[in-house]
Amino acid sequence: MPSTSYPRYSTYESAGRTPSLLSQELPRPRVDTGDIYYPPNTLLEPHFSSIDESRRFGAACFCGFLEDTVEVEHCLVIPAIASVRRLPYDIPERAEQDLYRLATDEGFHAEQSQRFLTDLRSQFGLGRPPDRTGPLFLRRLASQRSQEPDASQREIVTVLNGVVTETRISIELGKFAGDSRLAESVRTICRTHADDESIHASQFKALGRWLWEEFDEGARAAAAKAFTASAIARNLPDVERLSRYFAQATGRTPAESESLVHSLYTEDVQIEELQVSARPTWSFLSDLGVDQYVSFAAALTAERARLHEEMAAR
Ligand SMILES: [Fe+2]
Ligand SMILES: [Fe+2]
């Protein structure tokens, strides 16, 4: 069991479960059905001329979600676990060992997601993304991390990014799993992943909480800044990508699609979506006391202003 000074957390043993990778389930989408792969987009729905366009858009969105999953597992969560041993804090051995098992899970989640998205792409004739630079939020997180001059602070930021993403993923996956409008295969892949992620969330929250207690005032102030910036970057909708999916689904030109999607996704809409998906993270962070160092409201106001400028510059 974890030492008393380390927060309690769940393991597969304590939850009486086994990791989903042991069952090696690789759900596949069914071909030639009217299945829906993503919850309807209320803003864009009136702009589709047929159910097929809407389904195709949904399939593109779910492929995007799975691409993000692959990237997050390989480039965000596994690196966060790898950085744990380089932190200038002595994490209790048992807790560190338990985190290592999660890296094994993440490799399987990436494989499972890649399998599903490859099938779905070919079923709907959706191409691979034109640029291979990875999702916008990962690029933004990488840039935040690279601005940190101190090497050990960069390792801390990597771990905090892992904590942020693991506080939200289980809830996000659980919403897909519970949505009866969606294809059974979508619900299955999300349910098995969500089950694993509830264990991960518990362990990453324990790690975040323990580190927060270990930090001195200066480290807390820096961590609060990194936590907040990371939560904003991770949860902001990727509007460029939505435009691309819209063009793919409807056959409209990229310019037409971009102008429609941008007119609907104003900075207020983007901030509202961010707040909904960041809710589990905010609640964990305010529970820690992060908002005593950084004002979430002020950070959102600054982000809204940044988006406004970005959109005005188009
Ligand atoms: Fe995962
Ligand atoms: Fe995870």
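Structure: above.
Cut-offs used in this document
Residues numbered from 1 in each chain as written. Chains lettered and ligands numbered in written order. Predicted model: local features only at pLDDT ≥ 70, side-chain atom pairs only at ≥ 80, totals over all residues. Helix = DSSP H or I, 4+ residues; strand = E, 2+ residues; numbered from the N terminus. Rg over C-alpha atoms; globule rule 2.2 N^0.38 Å. Buried ≥ 20, exposed ≤ 12 C-beta atoms within 10 Å, placed from the backbone. Core = buried A, V, L, I, M, F, W, Y, C linked by C-beta atoms within 7 Å. Contact = placed C-beta atoms within 7 Å. Axes fitted to C-alpha atoms, helices over the stretch in contact; angles between N-to-C directions. Left-handed = near helix turned anticlockwise from the far one by under 90°. Nonpolar A, V, L, I, M, F, W, Y, C, P; charged D, E, K, R; others polar.

K.L.:
I would appreciate a short explanation of the overall build of the protein chain in the present structure.
P.N.:
The helix and strand inventory of the protein chain stands at 12 helices and zero strands. In sequence order, the protein chain lays out its α and β elements as α-α-α-α-α-α-α-α-α-α-α-α. The C-alpha radius of gyration computed for the protein chain amounts to 20 Å, which stays within 12% of the reference 20 Å derived for 314 residues, consistent with globular compactness. Along the three orthogonal principal directions, the C-alpha set of the protein chain runs to about 60 × 50 × 30 Å. By residue count, 37% of the 314 residues in the protein chain fall in the buried class.

K.L.:
Help me understand unusual backbone geometry, please; the structure alone is not making it clear to me.
P.N.:
The backbone phi angle of Gln24 is positive, close to 50°, even though this residue is not glycine. You can see Gln24 is positioned in the loop between helix H1 (12-15) and helix H2 (51-84). Accessibility expressed as a C-beta count within 10 Å gives 9 for Gln24, which makes it exposed.

K.L.:
Sorry, what's going on with the nonpolar core here?
P.N.:
Nonpolar side chains tend toward joint burial in soluble globular proteins. In terms of nonpolar packing, the biggest core is built from 38 residues, with Leu160, Leu207, Ala223 and Phe227 touching the most fellow members. Those elements that provide at least two residues to this core are H2, helix H3 (93-124), helix H4 (136-146), helix H5 (151-166), helix H7 (184-214), helix H8 (217-235) and helix H11 (267-288). Those residues within four positions of Phe227 in sequence are excluded, and the remaining contacts are Leu160, Val164, Leu285 and Val290. Counting residues in hydrophobic clusters, the runner-up holds 31 residues, among them Leu66, Leu120, Leu173 and Val186.

K.L.:
Is there a simple way to think about the environment of Arg304 in this case?
P.N.:
Summarising the element assignment, Arg304 is placed in helix H12 (residues 296-312). Taking the C-alpha atoms as reference points, Arg304 and Ala206, separated by 98 residues in sequence, lie 31 Å from one another.

K.L.:
I would appreciate a short explanation of the packing of H11 against H12 in the present structure.
P.N.:
The axes of two packed helices give the description: the angle between them and the distance between them. Between H11 and H12, whose axes approach to 10 Å, the crossing angle comes to 145°. As H11 runs across H12, the sense of the crossing is right-handed. Side by side, H11 and H12 meet where Glu267, Gln270, Ile271 and Trp282 of the first sit next to Phe296, Leu300, Glu303, Arg304, Leu307, His308 and Met311 of the second. Looking at the contact of H11 with H12 residue by residue, the classes come out as six nonpolar, two polar and three charged.

K.L.:
Before we go on, may I ask you to explain the environment of Phe227 in this structure?
P.N.:
Inspection of the secondary structure puts Phe227 in helix H8. Residue class for Phe227 comes out buried when judged on the 27 C-beta atoms lying within 10 Å of it. For the pair Phe227 and Asp291, spaced 64 residues apart in sequence, the C-alpha to C-alpha distance is 10 Å.

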